[in-house]
Number of protein chains: 2
Amino acid sequence: MSDSVRRLIGVLGGMGPMATIDFMAKVVALTPASCDQEHLPLIVHQVPQIPDRTRAIMAGSDAPLAPMLAGLRTLARAGAEFAVIPCNTAHHWYAQLSQLQQLPLLHIAEAVRQELIFRELHGKQVALMATRGTHLAGVYSGRLGPGFEPLLGGGQDVQQLVDVSIAAVKAGKLAQATHAAVEAADRLLSAGAEVLILGCTELPVALANTAIQSRCIDSTLALARLCVKEGMRHDTEARRLTLEH
Amino acid sequence: MSDSVRRLIGVLGGMGPMATIDFMAKVVALTPASCDQEHLPLIVHQVPQIPDRTRAIMAGSDAPLAPMLAGLRTLARAGAEFAVIPCNTAHHWYAQLSQLQQLPLLHIAEAVRQELIFRELHGKQVALMATRGTHLAGVYSGRLGPGFEPLLGGGQDVQQLVDVSIAAVKAGKLAQATHAAVEAADRLLSAGAEVLILGCTELPVALANTAIQSRCIDSTLALARLCVKEGMRHDTEARRLTLEH
């Protein structure tokens, strides 16, 4: 190991705060390191004052875009070489975020696509657990490959449970979050889903240490795995294959 | 709540990475918030390539100083209003770090002093579990008030267990870390200590979810509590009373 192969990773976080912390813990866990100095360097913009993403999408507003751009520019000035956003809903603005500032951005749905391949889940019936904003914006639409379409999303009752769970994580009410997420997951599995994509980074926090994790693709873990891969490589040509612009 | 009362907090982290994540989780847990936007904003310099602090102290070297100063300057440029360092050993350089850059710095031993008062532990026999660097540098010397001196530190056998535990957390070997830290804590309690100061931010990670936590003052939790207090106040005069320069 030498320092030169570890690239400084920008994390546009705070959406929400616990999800960012969960992401960072997964980066550490996935990094082969025997001492501090072998871990990956991150600059983390944990500024949760960015306006609610789902509310903006539902209202047709771009209110979160400017503060997210400002955050990415701060990360670039701090020396970040590429950036990740551990929030699925924020990826509604992925194209603009990529075009309007200089840092290359990993895409969380691309990370999930790679995780589905890594876990050899081709051909399984997948369901997407996500915010209303992520569903409405189609953050995952067309990004997982033909073997994984269409995504079963569940009805309004499932969505309400998912909404409750996500809000509870953000409010620090973990028991409530877990209860609602397990109930939503059970209903999706009963309805025929074989694999659940946790397509909101609060959901892995809600479902941590539950048995249902084994049926899930964790978008936070997927993004962390891709991030570690990108953070430890320095072959520019190969990097272009996974980084999107 | 309004955004204006939340000050942007700089975190000079990465020493080590899991300790920083533990610190961030404690900040989130201690912040009264019902949604993302009510949480405290942080900029986190999670760059673990800073040279080993204990090794530098033992060798009489200031090798960690320049990269720590660079990190604090990056945090200042990113807009941080004050900073914290969730690493006890790094506080050997507290005076220089305060003098050679502009950000006011909270002191982790001052946070522990306040935590001892908060927990009403005056008069108890305290023992300090810390790195050899923290002991040698006297990071806690004279900082806890007369009621808490002298600090019982344990002998070489205890220190070896503490060293093993800290290194194991940094290497991701949590079971080993827990085993060694519990053994060290048991020996200190058997030797007459009534309260154990976890004066290295890896130790609360090692002892998470163990019964021995109830006998401990967690320096990470103490720093998080002081950080939340400082992050949510905007009375400049009152702030001067707890911020040191």
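See the structure printed just above.
This write-up is about the structure you can find in this document.

The rules behind these values
- Residues numbered from 1 in each chain as written.
- Chains lettered and ligands numbered in written order.
- Predicted model: local features only at pLDDT ≥ 70, side-chain atom pairs only at ≥ 80, totals over all residues.
- Heavy atoms only, no water.
- Helix = DSSP H or I, 4+ residues; strand = E, 2+ residues; numbered from the N terminus.
- Rg over C-alpha atoms; globule rule 2.2 N^0.38 Å.
- Buried < 20%, exposed > 50% of the residue type's maximum accessible area, 1.4 Å probe, protein only.
- Lys, Arg positive; Asp, Glu negative; His and termini not counted.
- Charge placed at Lys NZ, Arg CZ, Asp CG, Glu CD.
- Least-squares fit on C-alpha atoms with pLDDT ≥ 70 in both.
- Contact = heavy atoms within 4.5 Å.
- Axes fitted to C-alpha atoms, helices over the stretch in contact; angles between N-to-C directions.
- Parallel < 35°, antiparallel > 145°, perpendicular 65-115°, else oblique.
- Nonpolar A, V, L, I, M, F, W, Y, C, P; charged D, E, K, R; others polar.
- Pairing = 2+ DSSP bridges.
- Salt bridge = Lys/Arg side-chain N within 4 Å of Asp/Glu carboxyl O.
- Expected span 1.5 Å × (residues − 1).
- Buried area = accessible area lost by both parts, 1.4 Å probe.
- Phe/Tyr/Trp six-rings, centres within 6.5 Å; stacked < 30°, edge-to-face > 60°.
- Lys NZ or Arg CZ within 6 Å of the ring centre and 35° of its normal.

Topic: the overall build of chain A
- Helix and strand content of chain A: 11 helices and six strands.
- Against the globule reference of 18 Å for 245 residues, chain A gives a C-alpha radius of gyration of 17 Å, in line with a compact fold.
- C-alpha atoms of chain A, sized along the principal axes, occupy 50 × 40 × 35 Å.
- Looking at chain A as a whole, 58% of its 245 residues are labelled buried.
- Distance from the positive charge centre (21 side chains) to the negative charge centre (22 side chains) of chain A: 3 Å.

Some words on the relation of the copies chain B and chain A
- For the pair chain B and chain A, the best superposition has an RMSD of 0.0 Å and corresponds to a rotation of 180° with a translation of 0.0 Å parallel to the axis. What we have between these two chains is a two-fold relation. Nearest to the rotation axis, the C-alpha of Val44(B) is located 2.4 Å from it, this being the minimum over chain B.
- Looking at chain B, 100% of its interface residues are interface residues in chain A too, so the copies touch through the same face.

Some thoughts on the packing of helix H5 (residues 108-118) of chain B against helix H10 (residues 219-232) of chain B
All names here are of chain B.
- Two numbers describe how H5 lies on H10: the axes approach to 8 Å, and their chain directions differ by 90°. Classified by the angle their axes make, H5 and H10 are roughly perpendicular. Packed against H5, whose contacting residues are Ile108, Ala111, Val112, Gln114, Glu115 and Phe118, the element H10 presents Ser219, Leu221, Ala222, Leu223, Arg225, Leu226 and Lys229 at the interface.
- Its residues placed into classes, the contact of H5 with H10 shows eight nonpolar, two polar and three charged.

A few points about the sheet that holds strand E1 (residues 9-12) of chain B
- Taken in spatial order, the six strands of this open sheet run E3(A)-E1(A)-E2(A)-E2(B)-E1(B)-E3(B), and their pairing is mixed. Across the chains shown, the open sheet's two edge strands, defined by having one partner strand only, are strand E3 (82-84) of chain A together with strand E3 (82-84) of chain B. Strand-to-strand twist in this sheet, taken as the mean axis angle between neighbours without regard to direction, amounts to 20°.
- One ladder, built from four bridges, connects E1(B) with strand E2 (residues 42-46) of chain B; its direction is parallel. In the strand pairing of E2(B), Val11(B) is matched with Val44(B).
- Strands strand E2 (42-46) of chain A together with E1, E2 and E3 of chain B of the sheet are contacted by helix H1 (residues 17-30) of chain B, whose axis makes an angle of about 170° with E2(B).
- The strands that helix H3 (residues 65-77) of chain B touches are E2 of chain A together with E1, E2 and E3 of chain B; relative to E1(B), the one it contacts most, it runs at about 160°.

Things to note about the pattern of salt bridges
Residues and elements named next belong to chain A.
- Applying the stated criterion across every chain, the model contains 24 salt bridges over all chains.
- Between Glu115 and Arg225 there is a salt bridge, with its nearest N and O atoms 2.8 Å apart. Taken as a pair, Glu115 in helix H5 (residues 108-118) and Arg225 in helix H10 (residues 219-232) lie far apart in primary sequence, 110 residues in all.
- Lys170 is the partner of Glu202 in a salt bridge, and the nearest nitrogen-oxygen pair spans 3.1 Å. Note that Glu202 is positioned in the loop between strand E5 (195-198) and helix H9 (203-206) and Lys170 in helix H7 (residues 156-170), a separation of 32 residues in sequence.

With respect to helix H7 (residues 156-170) of chain B
Residue and element names in this part refer to chain B.
- Given a rise of 1.5 Å per residue, 15 residues ought to cover 21 Å, and the 21 Å separating the end C-alpha atoms of H7 matches this to within 8%.
- The complete set of buried residues in H7 reads Val158, Gln159, Leu161, Val162, Ser165, Ile166, Ala168, Val169 and Lys170.
- Residues of H7 that are buried in the fold lie against H1, helix H2 (53-59), strand E4 (126-129), helix H6 (132-137), helix H8 (174-190) and helix H9 (203-206).

What about the sheet that holds strand E5 (residues 195-198) of chain B?
Residue and element names in this part refer to chain B.
- Taken in spatial order, the three strands of this open sheet run E4-E5-E6, and their pairing is parallel. If you trace the sheet from one side to the other, it starts and ends with E4 and strand E6 (216-218), each paired once. Averaged over all adjacent pairs, the angle separating strand axes in this sheet is 25°, with direction ignored.
- Two strands pair when backbone bridges link them, and E4 and E5 are joined in this way by four bridges, in the parallel orientation.

Side note on the interface of chain B and chain A
- Every contact between the two is made by 36 residues of chain B and, on the other side, 36 residues of chain A.
- Buried area between chain B and chain A, summed over both chains or domains, comes out near 2,700 Å², and the portion from carbon and sulfur atoms is 59%.
- The interface formed by chain B and chain A contains four salt bridges.
- Asp36(A) is paired through a salt bridge with Arg53(B); the nearest N and O atoms lie 2.8 Å apart.
- Broken down by secondary-structure element, the contributors of at least two residues to the side of chain B that touches chain A are H1 and E2 of chain B.
- The pairing of E2(A) with E2(B) spans five bridges and is antiparallel. Counted as the bridge partner of Leu42(A) is Gln46(B) from E2(B).

As for the packing of aromatic side chains
- Counted by the stated rule, this structure contains zero aromatic pairs over all chains.
- Here the guanidinium or amino end of Arg143(A) rests over the ring plane of Tyr94(A), the centre of that ring lying 5.8 Å away.

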